[in-house]
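# A look at the structure
What follows is the residue order along each chain.
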Amino acid sequence: MKYSLFQLARNALSAHRRWPQAWRDPVPKPGYEVIIIGGGGHGLATAYYLAKVHGIRNIAVLEKGWLGGGNTGRNTTIIRSNYLLPANAHLYEHSLKLWEGLTQELDYNVMFSQRGVLNLAHSDAQRDAYVRRGNAMRLNGIDAKWLELEQIRARVPLLDTSTRARYPIVGGLLQGRAGVARHDAVAWGYARAADRLGVDIIQNCACTGLRVVGGNLVGVETSRGYIAAQRVGIAVAGNSSEVARMADLALPIESHLLQAFVSEPVKPVIDSVITYGAGHFYISQSDRGELVMGGDLDFYNSYAQRGNLPAIEEAVSSAIQLFPFVSRLRMMRHWGGVMDMSMDGSPIIGKTPVRNLYLNGGWCYGGFKATPGSGWVFAHTIANDAPHALNAAFSLERFARGELLDERGAGPHPGHQ
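Notes on the structure in this doc start here. Numbering of residues starts from 1 in every chain and runs along the sequence as written. Residue-level local features of this predicted model are given only where pLDDT is at least 70; pairs of side-chain atoms are given and counted only at 80 or more, and the full residue set underlies all totals for whole chains, interfaces and linings. Hydrogens and water are ignored here; the side-chain numbers use all heavy atoms of the structure.

A word on the overall build of the chain. Helix numbers and strand numbers start at the N terminus; a helix is a DSSP run of H or I with at least 4 residues, a strand a run of E with at least 2. Across its full length, the chain carries 11 helices and 18 strands. Atoms counted for the radius of gyration: C-alpha only. Globule rule: 2.2 Å times residue count to the power 0.38. By the compact-globule yardstick of 22 Å for 417 residues, the chain fits well, its C-alpha radius of gyration being 21 Å. Principal axes of the C-alpha set define a box for the chain whose edges measure 65 × 65 × 40 Å. When a residue's accessible area, from a 1.4 Å probe over protein chains only, is under 20% of the maximum for its type it is buried; when over 50% it is exposed; and in between it is partly exposed. Burial analysis of the chain (417 residues in total) assigns 55% to the buried set. Only heavy atoms matter for contacts: two residues are in contact if any of them lie within 4.5 Å across the pair. Put simply, of all contacts in the chain between residues at least 6 apart along the chain, 75% involve residues at least 24 apart. Positive: Lys, Arg. Negative: Asp, Glu. His and the chain ends are not part of the count. A charged residue contributes its charge at one atom only: NZ of Lys, CZ of Arg, CG of Asp or CD of Glu. Side chains of the chain carry 42 positive and 35 negative charges; the gap between the two charge centres is 6 Å.

Below, the discussion takes up unusual backbone geometry. Phi is positive for Asn204, close to 55°, though the residue is something other than glycine. Inspection of the secondary structure assignment puts Asn204 in the loop between β8 (200-202) and β9 (207-213). Phi is positive for Asp248, which is not a glycine, with a value near 55°. Locating Asp248 in the fold gives a position in the loop between α8 (240-245) and β12 (253-263). On the basis of relative accessibility, which here comes to 75%, the residue Asp248 falls in the exposed class.

Bringing the pattern of salt bridges into the picture now. The salt bridge criterion pairs a side-chain nitrogen of Lys or Arg with a carboxyl oxygen of Asp or Glu, the two atoms within 4 Å. Counted under the stated rule, the structure contains 21 salt bridges. Ionic pairing is found between Arg245 and Glu242, a salt bridge with its closest N-O pair at 2.5 Å. Separated by 3 residues within a single helix, Arg245 and Glu242 lie in helix α8, roughly one turn from each other. Residue Arg245 is classed as partly exposed on the basis of its relative accessible area of 48%. Between Arg333 and Glu290 there is a salt bridge; the shortest N-O distance is 3.1 Å. Pair noted here: Arg333 is in strand β16 (residues 331-342) and Glu290 is in the loop between β14 (281-285) and β15 (291-301), with a separation of 43 residues, a long-range link. In the salt-bridge network here, residues are joined through shared partners; they are Lys2, Asp107, Arg192 and Arg196.

Each nonpolar core is a collection of buried residues, namely Ala, Val, Leu, Ile, Met, Phe, Trp, Tyr and Cys, held together in the definition by side-chain atoms within 4.5 Å. Trp99 and Tyr190 are the most contacted members of the largest nonpolar core, which totals 55 residues. Elements with a minimum of two residues in this core: β1 (31-37), α2 (41-52), β2 (59-62), α3 (86-100), α4 (102-106), α5 (124-139), α7 (183-196) and α10 (371-384). Here Tyr190 is in contact with Leu44, Ala45, Tyr48, Tyr49, Leu102, Leu106, Thr371 and Pro372, once residues within four sequence places are set aside. Core analysis: the next-biggest nonpolar cluster, separate from the first, contains 27 residues, Ala60, Leu210, Leu249 and Leu359 among them.

Our next topic: the sheet that holds β14. Paired strands, in this sense, are two strands between which DSSP finds at least two bridges. On the basis of which strands lie adjacent, the open sheet formed by 8 strands has the order β5-β6-β4-β13-β14-β15-β12-β16 and mixed pairing. Bordering the open sheet on either side are β5 (145-147) and β16, each of which pairs with just one other strand. Averaged over all pairs of adjacent strands, the angle between strand axes in this sheet comes to 25°, irrespective of strand direction. Alignment of strand β13 (residues 273-276) against β14, held across 3 bridges, turns out to be antiparallel. Bridge assignment links Tyr276 to a residue of β14, and that residue is Phe281. An axis is simply a line fitted to the C-alpha atoms; with a helix, the fit covers only the stretch in contact. Between two such axes, the angle follows the N-to-C directions and lies from 0 to 180 degrees. Along the sheet, α5 makes contact with β4 (117-121), β5 and β6 (171-175), crossing β4 at roughly 145°.

This is the structure in structure tokens:
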């Protein structure tokens, strides 16, 4: 069924009890041409573009739990392409362009809102760095605009732009085309679209082993039995290292916890995404009125989807420094995602030393925003057994060659990326 105003009105007459199932719940076949491990946004997008763009329809997506139960549904939903290095800039800009037409592409409202992302600067040195990044963005064909303090004050009236602020604001870099989307809608939209193209989406099917014969991957051991495969793609975010280890493959990735928080709902007060240059903090407002906030990692390795109090205190402190009125709000809930932090802060998308096994991971803080572009290039890589030009620089071999994509200049310290 194609969603439309007519279908909405028609099903309203039956109290919405006659909507068809959005995707099937199939029994796993004995084998597939391609298996994607991971039923989050990246895995589902990969399966969709393999079917839509490359004509491969004998595909299974294996998810150990429910669709979108991992990082796809555990983030702050920010979408942007304001990167300095050309490789990152081109990949994320390609993804942003796909975001701009994604609702129409999938026939599913992903609630993409291009409200802009504003990076605040608090010193002359930071202003120079942001202006340099903005110039690089514009040279790469990406929109960027420097805002002076008065322009910021007019755009975000409740922001503390006074000289009394703990870290006074001197300006900010705006990417107007950036914004937010509804995270679970992205997973559901890709799942529905992939299912319509014949992709089998198999939930509650954990990968328990990878069968390798003579250096070739030939299938996947699962909690629902062995499934043969000609090619297998790993797209499991924070669990990338654990799944790769099943094929005796060690990855330059550490897993860390990243928390997010929401306040009680209030009337519209923030119509952009604001990032705090004096600390690792970002804030926006959801369609339900909640203030959505994120901060830095909990700096210890973990596979837990829950965090601890110091990270909450740090984030809320930053929120109050930017918006003093936040001190009067109640925090409603918080959650955590397992971040796969690579050694240079950039993702790994490409082939592995095990033939027929491909990896999409190491996304650090940038996974959700890259969902369409990541799936698009990963599908190309699997279908052609070779990377697309957009992800050629993101190979696993770059770490051996020393060709790192160190966007922040933090070096080989995953927790600092």
